[in-house]
Amino acid sequence: MIRRTRPVAGAIALLAALTAGIAFPAGAAAGEPTGQDAPKVDLVLDVSGSMRAKDIDGRSRMAAAKQAFNEVLDATPEEVQLGIRTLGANYPGDDRKEGCKDTAQLYPVGPLDRTEAKTAVATLVPTGWTPIGPALLKAADDLDGGDGSKRIVLISDGEDTCAPLDPCEVAREIAARGIGLTIDTLGLVPNAKLSRQLSCIAEATGGTYTSVEHQDELTDRVNELVDRAAEPVVTPVATEGADSCDKAPVLTSGLYTDREEFGQQRWYRVEVLAGQELRASVSVAADRAVRPDHGLLVRAVTVHDREIVRGEATGNGRTDVVSTGLRYPKPELEDDDSGKPAAETVCLGVTTSFSADAGVKTTPGLPLELTVDVVDGPDDASDVASFGLGRGWWLLGALVVTGFLAGLVWGWLSRWRVAVWRTN
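Computed from a prediction, not measured in an experiment: that's the story for all the values here.

**Describing helix α4 (residues 114-122)**
A turn of α-helix holds 3.6 residues, and therefore any two residues three or four places apart point the same way.
Here's step 1: Of all the residues in α4, the buried ones are Ala117, Ala120 and Val121. Each buried residue of α4 lies within a common arc of 100° when the element is viewed along its axis, so the set occupies one face. Residues of α4 that are exposed and point more than 90 degrees away from the buried face comprise Thr115 and Ala122.
Here's step 2: Looking at the buried residues of α4, the elements they touch are α2 (61-75), β5 (81-87) and β6 (103-110).
Here's step 3: A distance of 3.2 Å separates the backbone nitrogen of Thr115 from a side-chain oxygen at the start of α4, and that oxygen is part of Asp113.

Below you can see the structure in the form of structure tokens.
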């Protein structure tokens, strides 16, 4: 059985794009893939003592993982730089402090030498503890640098044994770095506690969690994730909103990511020329336990704090993401002696109303994704929207008139038929 959780901090980009109706320009803009650096993948394997258990198609978990790795190494695309990191592979003792340091780079991230990598994998023997949190921190360092896609694939048969370094908090901290790193997790045991922890790790970075119980499932899933790393992706550009418009960063068309504390307001600026239209959308993901009722507000205001338009949305706890957006068309100017198009600075303010129970950490802030698109505006800016219907008012009016006339005709025909029947 394979269970997949595709959280939306991973589908956030698609949702934001659909909301805003984005159309990126041909040149490389913010958030577009540049293809300058090779994609990187770090396979992180649990080699703790529990991997000796023989419950995967009659073989030990370690033997199944080794076979999966060998097949994955044979199928890894040439353009992918791949590395292997272990956790719990070297320290066999009972000292928890030492056991929680037990993570090592078995094969460095870089161009793949399949023979060398397979030889390294063959030496692995189930040994020690399960320091998932420390291993993730080191794996993030393994992948640091460059603007290509970065992916960690974590394979484990047990939950972390090194609390209070919570792996979920570690994953959130990694996501907050803004380096475009995704963590996918695979669980080798159908255990509820393990599933919750691995799902939480994946959700924090927009990755996926899969529970596997058979050899072929493990091989196929790891292969799929490595292949996915080679696909072109749009990586949001990390930005940092300000507490006021005059200090806010100026954004151009593109996809951006930020972090926003509970109840905080963030500001960004966009330059809009006469005859252009600003389209913006915002998505915020609840990557930790929050109270069910929450909301999101995005406002476009002038530099003099006059509101132009707003978009707002509320959540009820049934989804981990809340999104909203807005559109602002700037009308064309009348004849201008200067011959230069006038630019207007539009301030985008994003406010959240999330809250959490005591004990839930509020830092780092919730992941926020902002899509900005500035395009040529419509012919008549005043006709863009009327109560959200735009030119649909004409169709609605035509339908109302048509229905009214059809009702009159049908009523007249019905009365005429009744009169004829009575006469006969």
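Text resumes after the structure shown.
**Topic: the environment of Glu307**
Here's step 1: With respect to the helices and strands, the residue Glu307 is situated in strand β16 (residues 307-315).
Here's step 2: Along the backbone, Glu307 and Leu348 are 41 residues apart, and their C-alpha atoms lie at a distance of 10.0 Å.
Here's step 3: Here Glu307 is in contact with Arg299, Ala300 and Val301, once residues within four sequence places are set aside.

**Quick notes on the confidence of the model for the protein**
Here's step 1: On average, residues of the protein score 83 in pLDDT, and 83% of them are at 70 or above.
Here's step 2: Note that pLDDT drops below 50 for residues 383-391; the model gives that stretch 11 contacts with residues more than four away or on any other chain.

**Concerning the sheet that holds strand β19 (residues 366-376)**
Here's step 1: A sheet is described by the order of its strands in space; here five strands give the open sequence β10-β12-β19-β14-β17, paired in mixed fashion. Of all strands in the sheet, those bounded by a partner on one side alone are β10 (237-238) and β17 (321-329).
Here's step 2: Where strand β14 (residues 276-285) and β17 come together, nine bridges link them in antiparallel fashion. Bridged to Ser281 within β17 is Gly325.

**Quick notes on a negative patch on the surface**
Here's step 1: A surface patch of like charges, here negative, comprises Asp57, Glu71, Asp216 and Asp220.
Here's step 2: Within the secondary structure, Asp57 sits in the loop between β3 (54-56) and β4 (59-60).
Here's step 3: For Asp57, a relative accessible area of 45% corresponds to the partly exposed category.

**Brief notes about the pattern of salt bridges**
Side chains carrying opposite charge are able to pair once their charged atoms draw close together.
Here's step 1: Counted under the stated rule, the structure contains 20 salt bridges.
Here's step 2: With a closest N to O distance of 3.5 Å, Arg177 and Asp141 form a salt bridge. On the criterion of sequence distance, the pair formed by Arg177 in the loop between α6 (167-176) and β8 (181-187) and Asp141 in helix α5 (residues 132-142) is long-range, its members being 36 residues apart.
Here's step 3: Its relative accessible area of 46% is what places Asp141 among the partly exposed residues.
Here's step 4: With a closest N to O distance of 2.9 Å, Arg288 and Asp287 form a salt bridge.

Cut-offs used in this document
- Residues numbered from 1 in each chain as written.
- Predicted model: local features only at pLDDT ≥ 70, side-chain atom pairs only at ≥ 80, totals over all residues.
- Heavy atoms only, no water.
- Buried < 20%, exposed > 50% of the residue type's maximum accessible area, 1.4 Å probe, protein only.
- Helix = DSSP H or I, 4+ residues; strand = E, 2+ residues; numbered from the N terminus.
- Arc of directions from axis to C-beta.
- Contact = heavy atoms within 4.5 Å.
- Polar contact = N/O pair within 3.5 Å; in protein donor to acceptor, adjacent residues only side chain to side chain.
- pLDDT = per-residue confidence, 0-100.
- Pairing = 2+ DSSP bridges.
- Patch = residues over 30% accessible without salt bridge, like charges linked within 9 Å, V, L, I, M, F, W, Y side chains within 5 Å.
- Areas by Shrake-Rupley, 256 points an atom, 1.4 Å probe, with all protein chains shown as cover.
- Salt bridge = Lys/Arg side-chain N within 4 Å of Asp/Glu carboxyl O.
- Lys, Arg positive; Asp, Glu negative; His and termini not counted.
- Charge placed at Lys NZ, Arg CZ, Asp CG, Glu CD.

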